[in-house]
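Per-entry structural report
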Amino acid sequence: MISIVKKIAMATAIAALPLVAATGASAEGEKYILVSHAPDSDSWWNTIKNGIALAGEQMGVEVEYRNPPTGDLADMARIIDQAAASGPNGIITTLADYDVLKEPISKAVDSGIDVIIMNTGSGEQAREVGALMYVGQPEYDAGYAAGLRAKGDGMGSFLCVNHSIQQPTLVERCQGFADGLGVELGNSMLDSGADPAEIKNRVLAYLSANPETDAILTLGPVSADPTLLALEENGMAGDIYFGTFDLGEEIVKGIKSGVIQWGIDQQPFLQAYLPVVILTNYHRYGVLPGNNINSGPGFVTADGLEKIEEFAGEYR
């Protein structure tokens, strides 16, 4: 059976070919730049890169991915300025920290460049900086939904492993989870850093000091993978309730084995793919969706992993 995503992709590809041919003049030189906050070391963003590449190919436009190599947000702000100065038809960007990034994004909009916010930020923040729309997952809402699910499964206390505590959107995930459980966040959020060895050691230390912890929430593969290793080392793998944001090879293995109860899928492929398609059609025909697009959250469990395993790290 062909999945809905494949049907959409195939239909888009079929439709795009004659449109590009018929509008060759308008398609010439069309360029869209995606700027993310991700460091080079975060492989989760490969799906984002594949999403814009496929959209560019299908729509017949040039696309480019840019990011700060170390994940430094001040560096990202400069990259947005540079991208705007190059004169693209549109910019697709994350809004990982509103205070740091609102100025360069607003400047790009004021210069006449159409912008779509994706992945991090919100519909309200997108409007405030003058962007056309937001495509992504409402992070607090996703955390809250996860907390309600964990509460329904009998959980009461938790550890949230935050590998990038300087990003407000990740804090929102932890806060939402606490509110869904109906408990205070307090000291339950661990500033783990992004180094895998440090994450593992800090998780081990926390669980040793807080043996009554019912559940663990990680915020992506960066924190999930070392946490899996920590649980294997202390013998808690499969015994402690474990949920995570996002997907990845080790996370999928953990879900399949029963060590991880669920993963929250925000569908990063769509976060990159849809803005290119939307901007292209907006510039060619003046059509634009009237609302922001929520690409998640969706809960992935051991049931129905076939497609996710097939495309993990590529399109899922």
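Residues numbered from 1 in each chain as written. Predicted model: local features only at pLDDT ≥ 70, side-chain atom pairs only at ≥ 80, totals over all residues. Heavy atoms only, no water.

**As for the pattern of salt bridges**
Going through the model one piece at a time under the given rule, you end up with 15 salt bridges. A salt bridge links Glu198 to Arg202, with the nearest nitrogen and oxygen atoms 3.3 Å apart. Taken as a pair, Glu198 and Arg202 lie in helix H9 (residues 196–209) at a separation of four residues, close to a single helical turn. Residue Arg202 is classed as partly exposed on the basis of its relative accessible area of 35%. Between Glu309 and Lys256 there is a salt bridge; the shortest N-O distance is 3.1 Å. (Salt bridge = Lys/Arg side-chain N within 4 Å of Asp/Glu carboxyl O. Helix = DSSP H or I, 4+ residues; strand = E, 2+ residues; numbered from the N terminus. Buried < 20%, exposed > 50% of the residue type's maximum accessible area, 1.4 Å probe, protein only.)

**Examining the environment of Thr301**
Examined against the element boundaries, Thr301 turns out to sit in the loop between strand E12 (298–300) and helix H13 (306–311). Taking the C-alpha atoms as reference points, Thr301 and Gly258, 43 residues apart in sequence, are found 9.1 Å from one another.

**Structural notes on the layout of surface pockets**
Estimated volume of the largest pocket: approximately 490 Å³. In terms of lining, the largest pocket is formed by 28 residues, of which the most central are Pro39, Asp42, His163, Ser164 and Gln167. Those elements giving two or more residues to the lining of the largest pocket turn out to be helix H8 (168–181) and helix H10 (221–234). A per-element tally of the lining of the largest pocket places H8 first, with three residues. Its residues assigned to classes, the lining of the largest pocket comprises 10 nonpolar, 14 polar and four charged. (1 Å grid on protein atoms, 1.4 Å probe; cavity = no way out; pocket = protein on both sides within 12 Å on 5 of 7 lines; lining within 4 Å. Points joined across faces, edges and corners; volume = space filled by probe spheres on them. Nonpolar A, V, L, I, M, F, W, Y, C, P; charged D, E, K, R; others polar.)

**Focus on the UniProt feature "domain: Periplasmic binding protein" (unreviewed entry) in the protein**
UniProt feature "domain: Periplasmic binding protein" (unreviewed entry): in the numbering of this structure it lies at residues 39–281. Taken end to end, residues 39–281 comprises 51% helix and 16% strand; its first and last C-alpha atoms sit 30 Å apart. (UniProt positions renumbered as here; feature names shortened; annotations may be inferred.)

**Some words on the pairing of strand E3 (residues 90–93)**
Residue alternation in E3 divides its side chains into two sets, Gly90 and Ile92 and Ile91 and Thr93, and both sets are buried. Note that strand E1 (residues 31–35) and E3 share four bridges and pair parallel. Looking at E3, one finds that Leu34 is bridged to Ile92. In terms of handedness, the path from E3 via helix H5 (residues 98–110) over to strand E4 (residues 114–119) forms a crossover that is right-handed. (Pairing = 2+ DSSP bridges. Right-handed = clockwise from strand over helix to strand, strands pointing away.)

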